[in-house]
Amino acid sequence: MSYQNLLVEVKDKIAAVTLNRPNKLNALNAKTIEELDAVFDELNSDEVFVIILTGSGEKAFVAGADISELNKLDTISAKEFAERGQAVFSKIQNFDKPVIAAVNGFALGGGCELALACHIRIASDNAKFGQPEVNLGIIPGYGGTQRLARVINTGRAAEYILTGDMIDAKEAFRIGLVSRVFPQSELMNRAIEMAKKIAGKGQHAVRLALKAINAVNEISLKDGLKLEASLFALCCGTEDFKEGTSAFLEKRKPEFKNK
Ligand code: COA
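Heads up: these notes are all about the structure in this document. (Residues numbered from 1 in each chain as written. Predicted model: local features only at pLDDT ≥ 70, side-chain atom pairs only at ≥ 80, totals over all residues. Heavy atoms only, no water.)

## Some words on the pairing of strand β3 (residues 50-55)
Side chains on a regular strand alternate between the two faces of the sheet.
Working step 1: Most of β3 is tucked away, with 6 of its 6 residues classed as buried.
Working step 2: With burial as the criterion, each face of β3 is covered, one bearing Val 50, Ile 52 and Thr 54 and the other bearing Ile 51, Leu 53 and Gly 55.
Working step 3: Strand direction decides the pairing type here: strand β2 (residues 14-19) and β3, joined by 6 bridges, are parallel. The residue bridging Ala 16 from the neighbouring strand is Ile 52, located in β3.
Working step 4: As a crossover connection, the stretch from β2 through helix α1 (residues 30-42) into β3 is right-handed.
Working step 5: When β3 meets strand β5 (residues 99-103), the two strands line up parallel, connected through 4 bridges. By the bridge assignment for β5, Ile 52 is matched with Ile 100. (Buried < 20%, exposed > 50% of the residue type's maximum accessible area, 1.4 Å probe, protein only. Helix = DSSP H or I, 4+ residues; strand = E, 2+ residues; numbered from the N terminus. Pairing = 2+ DSSP bridges. Right-handed = clockwise from strand over helix to strand, strands pointing away.)

In structure tokens form, the structure reads like this:
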């Protein structure tokens with residue numbers, strides 16, 4: 001499938017999806033949201049184990065929702081606008097394969113929200129995160145109030161959302177918004193290295209672990225532990241489990257067949 005605002009490359013079971021509107025700092029217009037929705041359908045294939053999302057150019061991951069489109073919203077269209085973006089970002093969060101955000105510059109507004117919907121966030125040293133919507137007289141609408149508060153904490157999220165201040169890469173690492181920071185020239189290679197490491201594991205285990213982790217925000221600890229036990233049991237019915245445990249005991253590398 002070809003896209004207007006996305007570049008998609010699949011190699012060795014790893015898909016790199018690049019948001020590609022560099023002249024607008026990869027701002028998310030309606031077309032890009034539609035294409036993000038479509039690309040995750042396309043990537044739901046046996047040919048893909050891990051997805052990396054990044055932005056084109058050296059300046060931005062995504063500088064937010066497209067403000068020229070925001071400017072035209074009224075209270076009716078705004079609700080549809082927010083719900084549409086939220087649905088696509090929830091589709092990413094609930095995707096059963098890991099999605100790594102390789103944040104290569106500004107991740108503001110919808111860009112920060114997109115990164116927050118990914119399972120793993122790594123960043124280049126020039127990355128800047130933020131929810132600057134208050135500067136535009138609005139609040140985050142693609143999940144920022146909910147996901148930022150869950151990923152960092154409510155007090156910090158309130159500070160960043162209410163002041164609109166940006167968070168640099170060092171601070172993002174310190175507060176747990178990203179798990180790693182690399183020089184910009186290394187970011188994509190490091191993302192691919194991480195994706196390859198994950199792609200080399202038994203994919204049943206990877207996907208079931210993701211399912212359990214994703215449940216954290218939806219259910220109680222008691223129900224989460226029940227879910228974990230059931231998913232753990234499912235793993236133990238796979239050939240990968242036999243292979244992984246036997247390989248350890250036989251002092252060799254496992255050869256997972258994802259069965
Ligand atoms: N929507 C639409 N266009 C955007 C955009 C957005 N969110 N962010 C950047 N752009 C466009 C600019 O209008 C400019 O287009 P032009 O060259 O046609 O005028 C181009 O991208 C480059 O941006 P510019 O502002 O010139 O770059 P900068 O380096 O001076 O500043 C930012 C970078 C990210 C600080 C600044 O672009 C910015 O504040 N963007 C908006 C961030 C925001 O509020 N996002 C939340 C939206 S809900």
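Right, picking up where we left off after that structure.
## Description of the side chain of Glu 243
Working step 1: By the secondary structure assignment, Glu 243 is in helix α11 (residues 239-249).
Working step 2: Since its relative accessible area comes to 18%, Glu 243 is described here as buried.
Working step 3: In this view, Glu 243 contacts Arg 252, Lys 253, Pro 254, Glu 255 and Phe 256; residues no more than four positions away in its chain are not counted. (Contact = heavy atoms within 4.5 Å.)

## Focus: the nonpolar core
Working step 1: With 46 residues, the main nonpolar core has Leu 36, Ile 51, Phe 89, Val 103, Leu 114, Phe 129 and Leu 177 as its most contacted residues.
Working step 2: In terms of residue count, helix α4 (residues 110-117) provides more of this core than any other element does, 5 residues in total.
Working step 3: Beyond its immediate sequence surroundings of up to four residues, Phe 89 is in contact with Leu 28, Ile 33, Leu 36, Gly 110, Glu 113, Leu 114, Ala 117, Tyr 142 and Arg 147.
Working step 4: Counting 15 residues, the second largest nonpolar core, distinct from the first, contains Val 50, Phe 182, Ala 191 and Met 194. (Core = buried A, V, L, I, M, F, W, Y, C linked by side-chain atoms within 4.5 Å.)

## Quick notes on the sheet that holds strand β8 (residues 128-130)
Working step 1: The strand order across the open sheet built from 4 strands is β4-β6-β8-β9, with neighbouring strands paired in mixed fashion. Of all strands in the sheet, those bounded by a partner on one side alone are β4 (60-62) and β9 (167-168).
Working step 2: Inspection of the sheet shows β4 paired to strand β6 (residues 106-108) by 2 bridges, in the parallel sense. Looking at the pairing, Ala 60 lines up with Phe 106 of β6.
Working step 3: Here α4 sits on the sheet and contacts β4, β6 and β8; the angle it forms with β4, its principal contact strand, is near 75 degrees. (Axes fitted to C-alpha atoms, helices over the stretch in contact; angles between N-to-C directions.)

## With respect to the packing of aromatic side chains
Working step 1: A complete count under the given rule lists 3 aromatic pairs for this structure.
Working step 2: Centre to centre, the rings of Phe 81 and Tyr 142 are 5.1 Å apart; their planes meet at 25 degrees, and the pair counts as stacked. Of this pair, Phe 81 sits in helix α3 (residues 75-93) while Tyr 142 sits in the loop between β8 and α5 (144-151); the two residues are 61 residues apart in sequence, bridging distant segments of the chain.
Working step 3: Centroid distance Phe 89 to Tyr 142: 5.3 Å. Interplanar angle 70 degrees. Geometry classified as edge-to-face. (Phe/Tyr/Trp six-rings, centres within 6.5 Å; stacked < 30°, edge-to-face > 60°.)

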